[in-house]
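The primary structure of each chain is shown beneath.
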Amino acid sequence: MSKDFVVNSLDMRTFARLGARLAGDDALTKFGRLLVESAAGVGPESRVRWSAQGQARPVAGTADQVWLHLHAEVTVPLTCQRCLKPVQVELLVDRDFRFVADEKTAEAEDEAAVEDVLALTRDFNLIHLIEDEFLMELPLVPRHEVCPVAVPMEAVDPDFEAAEAERPNPFAALAGLKRDKLN
């Protein structure tokens, strides 16, 4: 039995029951929220490669559990927080998801589960899941291992230094008052 699946409206129960597989090679520009986090200058070489495999795992005494294995990878241009130049950051997601009846059950079981637990829907958006997982994989402080330019370790502003030199020292005036009082 062959069935076509739509990635942004996926019937997860049927997808898992059939053990179906989907794969894609999409432009990073298709993932708007991830694109917002990236540095300017995303080129056509920025591709998101992903695959998703559904699986129905039998459980004694109940209906089969719905599982999804997701593998996705992308190289995202970010801004190095050390030198402020672009840095290519590789993101990799290789994770299993178990689906349960509703949000309340998912929330209750997610804390104790090793796998991620999501609510089962008939119109699951796989692209949003991929994007969510990439957003969680972004480094807090992106940076090069070794920056391509010398990183200035101090900041000197000649105008600030000149203004400081021109301004009289307030303690010098106090010292003058103290001298006058002693005389």
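Keep in mind that what you see is a predicted model, and the values were worked out from it rather than measured. Per-chain numbering applies: the sequence of each chain, read as written, is numbered from 1 onward. Only residues with pLDDT of 70 or above have their local features reported here, since the model is predicted, and side-chain atom pairs are shown and tallied only from 80 upward, although totals for entire chains, interfaces and linings are computed over all residues. Side-chain numbers here rest on the full set of heavy atoms in the structure, without hydrogens or water.

A. Fine view of the confidence of the model for the protein. By definition, pLDDT measures how confident the predictor is in each residue, and it falls between 0 and 100. In the predicted model, the protein carries a mean pLDDT of 86, and 93% of its residues have values of at least 70. Here helix 5 (residues 158–166) stands out as the element of the protein with the lowest mean pLDDT, 71, in contrast to helix 4 (residues 126–137), whose mean of 96 is the highest. Secondary structure is summarised from DSSP: a helix means a run of H or I of at least four residues, a strand means a run of E of at least two, and numbering begins at the N terminus for each.

B. Main features of the side chain of Glu133. Examined against the element boundaries, Glu133 turns out to sit in helix 4. Residues in contact with Glu133, not counting those within four places in the same chain, are Leu70, Val93, Arg95, Phe97 and Asp116. We call two residues in contact whenever any of their non-hydrogen atoms come within 4.5 Å of each other.

C. Structural detail: the pattern of salt bridges. Any Lys or Arg side-chain nitrogen located within 4 Å of an Asp or Glu carboxyl oxygen qualifies as a salt bridge. Enumeration over the complete set of coordinates arrives at 11 salt bridges. In this structure, Asp25 and Arg47 form a salt bridge, with 3.2 Å as the shortest nitrogen-oxygen distance. With a gap of 22 residues between them, Asp25 in strand 1 (residues 21–27) and Arg47 in strand 2 (residues 47–59) connect regions that are remote in the sequence. Partly exposed describes any residue whose relative accessible area lies between the buried limit of under 20% and the exposed limit of over 50%, with all areas from a 1.4 Å probe on protein chains only and scaled to the type maximum. For Asp25, a relative accessible area of 39% puts it in the partly exposed group. In this structure, Glu115 engages Arg98 in a salt bridge whose closest nitrogen and oxygen atoms are separated by 2.6 Å. Remark: Arg98 occurs in strand 4 (residues 86–100) and Glu115 occurs in the loop between helix 3 (103–110) and strand 5 (116–119); sequence separation between them is 17 residues. Residue classification places Glu115 among the buried positions, given a relative accessible area of 18%. Ionic contacts of the salt-bridge type, sharing partners, join the residues Arg95, Asp116, Glu133 and Glu137 into one network.

D. Region of the structure containing the sheet that holds strand 2. Spatial ordering of the open sheet is given by 1-2-3-4-5, a layout of five strands whose pairing is mixed. Strands at the two margins of the open sheet, each flanked by one partner only, are strand 1 and strand 5. If you compare each strand with its neighbour and ignore which way they point, the axes differ by 25° on average. Pairing between two strands requires that DSSP report at least two bridges joining them. With axes taken as lines fitted to C-alpha atoms, and helix axes fitted only over the stretch in contact, angles between N-to-C directions fall between 0 and 180 degrees.

E. Representation of the packing of aromatic side chains within the structure. In this analysis, rings of Phe, Tyr and Trp, with Trp reduced to its six-membered ring, are considered paired at centre separations within 6.5 Å, and the interplanar angle assigns stacked below 30 degrees, edge-to-face beyond 60, and tilted for intermediate values. Using the criterion set out here, one finds two aromatic pairs in the structure. Judged by centre distance (5.2 Å) and plane angle (90°), the rings of Phe99 and Phe124 are edge-to-face. Of this pair, Phe99 sits in strand 4 while Phe124 sits in the loop between strand 5 and helix 4, and the two are 25 residues apart along the sequence. We note that Phe99, like Phe124, is buried. Cation over ring: Arg57 sits above Trp67, and NZ or CZ is 3.7 Å from the ring centre. Lysine and arginine charges are scored as sitting over a ring when NZ or CZ, respectively, is within 6 Å of the ring centre and within 35 degrees of the ring normal.

F. Structural view of the environment of Glu133. A relative accessible area of 5% means that Glu133 is categorised as buried. Spatially, the C-alpha atoms of Glu133 and Asp94 are 9.6 Å apart, while their sequence positions differ by 39 residues.

G. Focus on unusual backbone geometry. The backbone phi angle of Leu84 is positive, close to 65°, even though this residue is not glycine. Within the element layout of this structure, Leu84 appears in the loop between strand 3 (62–79) and strand 4. Note on Leu84: relative accessible area 61%, which makes it exposed.

H. Spatial organisation of a nonpolar patch on the surface. Candidates for patches are residues over 30% relative accessible area with no salt bridge; among them, like charges are joined within 9 Å and nonpolar side chains (Val, Leu, Ile, Met, Phe, Trp, Tyr) within 5 Å. All accessibility values rest on the Shrake-Rupley procedure with a 1.4 Å probe; residue burial counts only the protein chains present in the view. Taken together, the side chains of Phe171, Leu174 and Leu177 define a hydrophobic patch exposed on the protein surface, amounting to about 360 Å² of accessible area. A relative accessible area of 56% places Leu177 in the exposed class.

I. The arrangement of the side chain of Asp11 in detail. One can find Asp11 in the segment before helix 1 (12–17). N or O atoms within 3.5 Å of each other form a polar contact, as long as, within protein, one can give a hydrogen and the other can take it, and as long as residues adjacent in sequence are counted only when both atoms are side-chain atoms. Within the local environment of Asp11, its side chain forms a polar contact with the side chain of Thr14, the two groups lying 2.8 Å apart. Not counting chain neighbours up to four residues away, the residues in contact with Asp11 comprise Phe5 and Arg122.

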